[in-house]
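Here's the letter readout for the chains.
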Amino acid sequence: ISSEASFFSCGLHSRIAAMGWFHPLPSLTFGAIVARLCDFTLAVDQDHPDTCPGAKCAHDDAASDDVGLLQQRAHSDVTSHVHSEIGVWALEEEPDFREPPVVRSPVTLNMMTMKLCLPDSKVRKKYSQADCWYTRAYGTNKLPASIPGPTIRVKPGETLKVTMVNQLRYPSPGCDPLNLGFCDANTTNLHTHGLHVSARGNQDSVFEHIKPGGWKKYAFEVVPYHMGGTHWYHPHSHHAAAIQAGGGAHGALIVDDVPGSLPPEIEGMEEKIMVMSLVDSAWKAHTNGVYGMSRLESMAKSNLWKTQKGKYLDVDDVAVLVNGQFKPKLKIVNGKWYRLRMVFAAVELVLGVFPFFGTSASCDFQLLAKDGIYLHEMPRTVKRIFFASGNRVDVALRCTCTNRMQECSSHLVTASHQPSTKMKEIRQKTENELQKERHFQKSPLSIFGKKSRREGGLHSENEGPLKGIDEKVVEQDLLLLDISASPNGPEPDLRSFKINRPCYLVDLRSVKVPRRNQGRIELMNPIDFRIRYATQLTGGQAAGHQMKTMKEGPLGTLKVGQVYEWSIRGPP
């Protein structure tokens, strides 16, 4: 951004469709607006087998040898796409927790397709391994495609160089008035969700597009004063964001903390990266026009998310994978603190994550950061963490065995509310019965309550802090915690602390904003896909245009150095 920056409703359609924002939102007022509305969007990409010509666009990846993900051998079939095969539902129950491999600049990301399969007859009798389909995912020159992609780490002051290679294929049908804006499904780009970087040139511009078979070199200049934090990367191509990012093309992006910027107990805390990916195979809408991936693929007239019979997938199921694993088992030490870097890499639905009950362990959540930004004062004790799609959370976790036990077990779960009556029943059971409870007997996605209260693992009515939010909460075990004895005894409670904040995170809540810098954004609804803008917080006429194309001019202009206050509202 130089002297001025025009703001478009550029990614809002893709973002809203991707993030499931077809439901009414509460009015939000922002004290400061960055001059780049495009940060509101997710991105997506499609299928092409051609690789970058020769070696001129290849960079070596400093990837770890322990891939630790759902990656399989490279594969080509009759569709001629570049594939990796993966059987999501066929995974073993409670596999050992593994983290994505880590890569650093320079990085080559290959947009590819990979194979996923429904569970075999041992899990669900009415489905078989014949129910497989292809989705999009990231690989590198050394790592096959996987969900999630590799974790990218970068230091403040470093230039993150990424070569993005689109190995997806044509056909990639363009837009027409009847497809509700989902199209160009195999055209992609790259967005660093959360980084404080420029939107110009070869940095984070959502207006750049990589056609099937094409490639582009990015150079993201991370400022030396950038706050360390947990972010993620994904495609951000207009009209294809929900399909690509929601289908599996995403990964964690970590800005390293500057040595000495955190207290020793936080800086030295063992980290666990948890990328939570949503597998949504439902055809029908969950709520207010928010559909699963196969339905969006059909709207875009794309060839992916089809079974071997050539039909779009239609299974009323939703599941959350952690680092590409279903209910992995994480081994931790009794009384030891761990820093969980959690990313909900999804474009719909919400999570409410609890450290689980159990009869033998008590777990503490101490919140450190939300969406890659450290709290003004931390840690903060929390009982549950809310994730909308795209949210990130850094939380310190400590689990302690009760009843003088040295070894025990617990869970992390996602649920709409903290169970109460059901919890009392569970606590009366023996540990063996509790073990059985952890295996989804009524439904692969049910952990409490009856299936009649949910639809395919989604709670039908939100409660507590989520009451009134018209977006369903996934209910499922996320992570099993295997807690072993500690040779040193439990670690002490975390002390309160503050850190220095960079200039771009200054607190503007007390700043008086001139009337000329006040405005209102009215987000679209699924009827006309129109974004509107008014030059005042309330009242007046809001004008805008449909998000069918990107040909319209900007909604307005923001001048660098000015403070703006906007009210952002969801559709009625």
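Structure: see above.
About the criteria used
- Residues numbered from 1 in each chain as written.
- Predicted model: local features only at pLDDT ≥ 70, side-chain atom pairs only at ≥ 80, totals over all residues.
- Heavy atoms only, no water.
- Disulfide = S-S within 2.5 Å.
- Helix = DSSP H or I, 4+ residues; strand = E, 2+ residues; numbered from the N terminus.
- Buried < 20%, exposed > 50% of the residue type's maximum accessible area, 1.4 Å probe, protein only.
- Phe/Tyr/Trp six-rings, centres within 6.5 Å; stacked < 30°, edge-to-face > 60°.
- Lys NZ or Arg CZ within 6 Å of the ring centre and 35° of its normal.

Trainee: Which residues make up the state of the cysteines, and what values go with them?
Mentor: Taken as a whole, this structure holds two disulfides when the rule is applied. Linked covalently through their sulfurs, Cys 363 and Cys 399 form a disulfide whose S-S length is 2.1 Å. Residues Cys 363 and Cys 399 are joined by a disulfide whose S-S torsion is about 110°; by sign, that bridge is right-handed. Of this pair, Cys 363 sits in strand S19 (residues 361-370) while Cys 399 sits in strand S23 (residues 392-401); the two residues are 36 residues apart in sequence, bridging distant segments of the chain. The exposure class assigned to Cys 363 is buried, which follows from its relative accessible area of 14%. Under the relative-accessibility criterion, Cys 399 is labelled buried at 1%. The partner cysteine of Cys 401 in its disulfide is Cys 408, sulfur to sulfur 2.1 Å. The chirality of the disulfide connecting Cys 401 with Cys 408 is left-handed, given an S-S dihedral of about -85°.

Trainee: Could you give me a rundown of unusual backbone geometry, with the residues and numbers involved?
Mentor: Between Ser 105 and the following residue, Pro 106, the backbone shows a cis peptide bond with an omega angle of 0°. With respect to the helices and strands, the residue Pro 106 is situated in the loop between strand S5 (102-104) and strand S6 (107-117). Here the amide bond leading from Tyr 170 into Pro 171 is cis, since omega sits at 5°, within 30 degrees of zero. Residue His 239 is not a glycine yet carries a positive backbone phi of 80°. Positionally, His 239 belongs in the loop between strand S12 (229-234) and helix H2 (241-247). Not every positive phi belongs to a glycine, and Leu 349 is a case in point at roughly 60°. Relative to the helices and strands, Leu 349 resides in the loop between strand S17 (337-345) and strand S18 (350-355).

Trainee: Lay out the pairing of strand S15 (residues 318-322) with the relevant residues and their values.
Mentor: Among the five residues in S15, five count as buried, and that is most of the element. Side chains Val 318, Val 320 and Val 322 of S15 all project onto a buried face; the interleaved residues Ala 319 and Leu 321 project onto the opposite face, where all are buried too.

Trainee: Provide a residue-level description of the packing of aromatic side chains, including the pertinent values.
Mentor: Using the criterion set out here, one finds six aromatic pairs in the structure. With a centroid separation of 5.3 Å and 40° between ring planes, the pair formed by Trp 133 and Trp 305 is classed as tilted. Here Trp 133, found in strand S7 (residues 132-139), pairs with Trp 305, found in the loop between helix H4 (293-299) and S15; they are 172 residues apart in sequence, far enough to count as distant. Across the pair, Trp 305 and Trp 133 agree in class, each one buried. Ring centres of Tyr 138 and Tyr 233 lie 5.4 Å apart, and the angle between their planes is 45°; on these two criteria the pair is classed as tilted. One end of the pair, Tyr 138, is in strand S7; the other, Tyr 233, is in strand S12, with 95 residues separating them in the sequence. For the pair formed by Tyr 138 and Tyr 233, the shared burial category is buried. Sitting over the ring of Tyr 218, Lys 216 keeps its end group 5.4 Å from the ring centre. We note Lys 306 situated over the ring of Tyr 312; from NZ or CZ to the ring centre the distance is 4.9 Å.

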